[in-house]
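Observations on the three-dimensional arrangement
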Amino acid sequence: MRVQLIKRVVPALLSIALLLSCSGQHETEFFTGRIDFPVKPNLGVKEAMAARLVPHPRQLEWQQLEMTAFLHFTVNTFTGLEWGTGKESPELFNPDSLDAGQWVRVLSEAGMKMVIITAKHHDGFCLWPTKTTTHSVASSPWKEGKGDVIRELKDACELYGMKFGVYLSPWDRNAVSYGDSPAYNRFYMEQLTELLTWYGKVDEVWFDGANGEGPDGRRQVYDWQAYYDLIRKLQPDAVTAVMGEDVRWVGTESGYGRETEWSATVMAPGGTPGSVAINEALGVNAMSEDLGSSSLLSKAGHLFWYPAEVDVSIRPGWFWRASEDSLVKDVARLADIYLSSVGRNAVLLLNVPPDNRGLISDNDISSLQGLKAWIDELYSIDLLNGARPYGRGTSSLIDGDSSTTWSPRHKRVASFVPAIAATFNIAMLQEDISRGQRVEKFIIEALSDKQWNTIAKGTTIGYKRMIRFPEVKADEIRLTVVSSRATPHISTFALYHAE
Ligand code: FUL
């Protein structure tokens, strides 16, 4: 009996001690990128630790970009295929007006902060004069084989102050070594080395996990860890995306992220056998609806800062084809995608594929210009205009060490008086994620005609959460953080009106 009691009491006391040591009083202790939980802590301990998981500085910088662009461009642009066979003749690649300056100018004017180009897609054709294969621009008629698309793009990025990333498909339908795992891994890493050493700074390396059959049905085993180590050595500040370790694929290619989006997730990053085993044991993958709830946390041995990227094409396909010129997404659709990606704690990666002249087409430009005008208009007036929360116990709402965030410590209700009396239909919230992602549930209420009404409810906030509702005009606004893993640090609460 006594032994049993001790058995029950001792772990409980240990948990309480751990919980105390992990909660508010150690606000200065953070975990960067990853937490390995101590053996069998209770959920309270895990939540307190999870609240202090923070991004690596390169992940934080990436998150703040908000809008980035993809450029899908290769022989497919000339054949109309989505996935080239690898047997295309390099003779096909012959854009007569290629102007990387136009791409970057158009994308920069649209508000994009980084461009990522398919240096090599699944067909294996290389947009730079690689030494690893003749299947490249060097064998094409474009610029009589003397051109280098990657160089032209990087130069244009320098000119416009645009960040620059490369997509290098591991799946290669042209490489003869594909399927002979060690030989192909060496070949792939030589290609990576060229891209990461010939062009100066690279800000993102993007690779998916497509792993088609090699010649004679051979199966290629990618050496992810060796790829990551090489990237870390050559470009330590570059984020690695999708099959990479810094940025997670949101799980769809529709442009719509999850309403509940945890950047602090149980999903282990990248494709190494260790990560695969963790994810299989938890039954999660990039497409799982839940990647970070407390119920998952209770089962997990680790937690990772692994934020979501939403990739989507402005056209139905990833590559340009004339038949889709009339199917470019319009401004309303792009605005909806913006609110459902950037507004759902993710970074938008919008694909704008150059055409067979080597230019971004007029229809795409006009939609991009419309999106930028809509975003500028949206953010032009914040009805709260930086209003600080007020009310009983206000001092306990304000975080003493910061003038830019407020942290409802005890009573998690903050009231605001709109600085501008006008109708609004969008609320924007941000957490200071440099101190972790914490909020699990919030509600926004409005006082109109002496009546309080709930106008919006949400779950996670993260870097940015935007939420839409029917138009309201209010005398007073109340934000309640219903549930949070620790003291929330809200850096922005704003109200906007959007068409
Ligand atoms: C996928 C590829 O198979 C598509 O062609 C496209 O490049 C997309 C962004 O990634 O995995």
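Residues numbered from 1 in each chain as written. Predicted model: local features only at pLDDT ≥ 70, side-chain atom pairs only at ≥ 80, totals over all residues. Heavy atoms only, no water.

Description of the state of the cysteines
Keep this limit in mind: When two cysteine sulfur atoms are found within 2.5 Å, that pair is recorded as a disulfide. Residue exposure (1.4 Å probe, protein chains only): buried if accessible area is under 20% of the type maximum, exposed if over 50%, otherwise partly exposed.
Scanning all chains against the criterion turns up zero disulfides. Cysteine cysteine 126 remains unbridged, with the sulfur of cysteine 157 as its closest cysteine sulfur at 19 Å. Among the residues examined, cysteine 126 registers a relative accessible area of 0% and is labelled buried.

Description of helix H5 (residues 100-109)
Side chains three or four residues apart in an α-helix point the same way, a direct result of the helix having 3.6 residues per turn. Test applied: Labels follow the DSSP assignment, with helices taken as runs of H or I lasting at least four residues and strands as runs of E lasting at least two, numbered in each case from the N terminus. Residues count as neighbours in contact if any of their non-hydrogen atoms are within 4.5 Å of one another. Pairing of N or O atoms within 3.5 Å defines a polar contact, subject to two protein rules: one partner must be a possible hydrogen donor and the other a possible acceptor, and residues neighboring in sequence count only if both atoms are side-chain atoms.
Of all the positions in H5, only Ala100, Gln102, Trp103, Val104, Val106 and Leu107 are classed as buried. Residues of H5 that are buried in the fold lie against strand S4 (67-71), strand S5 (114-120), helix H6 (149-160) and helix H12 (362-380). At the N-terminal boundary of H5, the capping side chain belongs to aspartate 99, with an oxygen 3.0 Å from the backbone nitrogen of glycine 101. Looking one or two residues past H5, glycine 111 carries a phi angle of roughly 95°, positive in sign.

What to know about the layout of surface pockets
To be explicit about the condition: Both cavities and pockets are sets of points on a 1 Å grid over the protein atoms alone; in a cavity a 1.4 Å probe fits but cannot get out, in a pocket the set is open with protein on both sides within 12 Å along at least five of seven lines, and lining residues sit with an atom within 4 Å of a point. Grid points are joined across faces, edges and corners, and a volume is the space filled by probe spheres set on the points. The classification used treats Ala, Val, Leu, Ile, Met, Phe, Trp, Tyr, Cys and Pro as nonpolar, Asp, Glu, Lys and Arg as charged, and all other residues, Gly among them, as polar.
Space inside the largest pocket adds up to approximately 710 Å³. Every residue lining the largest pocket is counted, 31 residues in all, and those nearest its centre are Gly209, Val242, Met243, Trp249 and Ala286. In terms of residue count, the dominant contributor to the lining of the largest pocket is helix H9 (residues 273-282) (four residues). The residue makeup of the lining of the largest pocket, split by class, is 17 nonpolar, nine polar and five charged. A per-element tally of the lining of the second largest pocket places H9 first, with three residues. Partitioning the lining of the second largest pocket into residue classes produces five nonpolar, six polar and five charged.

Quick look at the domain arrangement of the protein chain
Threshold: Residue ranges for the domains trace back to a domain assignment, done automatically or taken from a database. For any pair of parts, buried area is found by adding up, for both, the accessible area (1.4 Å probe) each one loses once the two are put together. The rule for a salt bridge is simple: a side-chain nitrogen of Lys or Arg has to be within 4 Å of a carboxyl oxygen of Asp or Glu.
Domain boundaries assigned for the protein chain yield domain 1 (2-27 + 382-496) and domain 2 (65-263 + 307-379). With both sides pooled, the region where domain 1 packs onto domain 2 buries about 1500 Å², and carbon together with sulfur makes up 50% of that total. For the domain 1 face of the interface with domain 2, the top three residues by lost area are Lys464, Met466 and Arg468, together amounting to 35%. The shortest N-O distance in the salt bridge between arginine 468 and aspartate 336 comes to 2.7 Å. At the junction of domain 1 with domain 2, the criterion picks out twelve residue pairs in polar contact (both at pLDDT 80 or more). Elements represented by at least two residues in the side of domain 1 that touches domain 2 include exactly strand S15 (424-431), strand S16 (439-448) and strand S18 (465-472). The leading source of residues in the side of domain 1 that touches domain 2 is S18, at three residues. Of the residues belonging to the side of domain 1 that touches domain 2, the class tally is seven nonpolar, four polar and six charged.

Some details on the site of the ligand
Applied cut-off: Here a residue is near a molecule or strand as soon as one of its heavy atoms is found within 4 Å of it. Here, Shrake-Rupley sampling with a 1.4 Å probe gives the accessible areas, and only protein chains in the shown set may cover a residue. For a molecule to be placed in a cavity or pocket, more than half of its atoms must lie within 2 Å of the grid points of that cavity or pocket.
Close contacts around the ligand come from Phe70, His72, Trp83, His121, His122, Tyr167, Trp206, Asp208, Glu253, Asp311 and Trp318, and that covers them all. Contacts to the ligand include tryptophan 83, whose side-chain N or O atom sits 3.1 Å from an oxygen atom. Here an oxygen atom of the ligand and a side-chain polar atom of histidine 121 are 2.9 Å apart. Burial of the ligand by the protein chains amounts to 89% of its free accessible area of 290 Å². Comparing atom positions with the cavity grids shows the ligand to sit within the largest pocket. In the shell around the ligand, the residues fall into five nonpolar, three polar and three charged.

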